[in-house]
Amino acid sequence: KNEVEQSPQNLTAQEGEFITINCSYSVGISALHWLQQHPGGGIVSLFMLSSGKKKHGRLIATINIQEKHSSLHITASHPRDSAVYICAVRETSGSRLTFGEGTQLTVNP
Amino acid sequence: NAGVTQTPKFQVLKTGQSMTLQCAQDMNHNSMYWYRQDPGMGLRLIYYSASEGTTDKGEVPNGYNVSRLNKREFSLRLESAAPSQTSVYFCASSVRELRSPLHFGNGTRLTVT
């Protein structure tokens, strides 16, 4: 079992829909990252959080440390949101990030 | 600011050939990392440098060497390429070791035949 599990693996939505991508992990962590990988391959950091909730534009990230779970929400989705979204955790006891396999999101016009 | 610059973007090698992937950042970051990305797997850490003058092995270091040339530059060397090293390689940097967001280069697509 991977230490970081994302669901769903693939998600197709219509423009304007509210989207949720989930990340569950099995280890104690000090921080969780959400990343976006564009179709061209470039990777951008969206959020780094260790508790609660963060918001940036139409993106919202939440984390529940007790339940070892994080969600990434996209409101009013747009075709330009089509990308792979990657969750990564920094273990409390470690010095590296463990990455999920990513969620491929496609938003159709 | 250019951010994190990786070169080359694409490379094809024959088994046994050597090459160096270059990475430079202009954000005055202390920590730099090399990852590889393979289909069906998450990004995996090859080597990292927490600060200038230090380097440490990551999850998959075999077959690779690194040099933290100065605070800006962190290179990855394949001494004798193998088909198993066919992958997309990403360099990244952060202000402090994993305590700040990562900034990634655009990746190098390497094929070893």
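Residues numbered from 1 in each chain as written. Chains lettered and ligands numbered in written order. Predicted model: local features only at pLDDT ≥ 70, side-chain atom pairs only at ≥ 80, totals over all residues. Heavy atoms only, no water.

What follows is about the interface of chain A and chain B. Contacts between the two partners involve 16 residues from chain A and, on the opposite side, 18 residues from chain B. For the pair chain A and chain B, the summed buried surface comes to about 1500 Å²; carbon and sulfur atoms form 61% of the total. Interface area lost by chain A to chain B is led by I43, R90 and F99 of chain A, which between them contribute 35%. Put simply, chain A and chain B have one salt bridge between them. Here chain A is connected to chain B by one residue pair in polar contact (both at pLDDT 80 or more). (Contact = heavy atoms within 4.5 Å. Buried area = accessible area lost by both parts, 1.4 Å probe. Salt bridge = Lys/Arg side-chain N within 4 Å of Asp/Glu carboxyl O. Polar contact = N/O pair within 3.5 Å; in protein donor to acceptor, adjacent residues only side chain to side chain.)

A few words now on the confidence of the model for chain A. On average, chain A scores 93 in pLDDT, and the residues at 70 or more come to 97%. For chain A, strand β10 (residues 97–99) of chain A is the element with the lowest average pLDDT, namely 90, and strand β8 (residues 69–74) of chain A is the one with the highest, namely 98. (pLDDT = per-residue confidence, 0-100. Helix = DSSP H or I, 4+ residues; strand = E, 2+ residues; numbered from the N terminus.)

Our next topic: the sheet that holds strand β7 (residues 64–68) of chain B. Residue and element names in this part refer to chain B. As summarised here, the arrangement of the four strands in space is β1-β3-β8-β7, forming an open sheet in which the pairing is antiparallel. Each edge of the open sheet is held by one strand with a lone partner, namely β1 (4–7) and β7. Going across the sheet, the axis of each strand differs from the next one's by a mean of 15 degrees, ignoring polarity. The sheet contact formed by β1 and strand β3 (residues 19–25) spans four bridges and is antiparallel. Its bridge partner being in β3, T5 is matched across the sheet by A24. (Pairing = 2+ DSSP bridges. Axes fitted to C-alpha atoms, helices over the stretch in contact; angles between N-to-C directions.)

All names here are of chain B. With respect to the element layout, T108 can be found in strand β11 (residues 108–112). Within the structure, T108 has its side chain in polar contact with the backbone oxygen of P8 (distance 2.6 Å). Beyond its immediate stretch of four places on either side in the chain, T108 contacts Q6, T7, P8, K9, L21, S87, V88 and Y89.

On to the state of the cysteines. Residue and element names in this part refer to chain A. With the rule as written, the count across this model stands at two disulfides over all chains. Note that C23 is cross-linked by a disulfide to C87, the S-S spacing being 1.9 Å. Since a negative S-S torsion denotes a left-handed disulfide, the C23-C87 link at about -60 degrees is left-handed. Separated by 64 residues along the polypeptide, C23 in strand β3 (residues 19–25) and C87 in strand β9 (residues 83–91) bring together distant segments of the chain. Judged by relative accessible area, C23 falls into the buried class, the value being 0%. (Disulfide = S-S within 2.5 Å. Buried < 20%, exposed > 50% of the residue type's maximum accessible area, 1.4 Å probe, protein only.)

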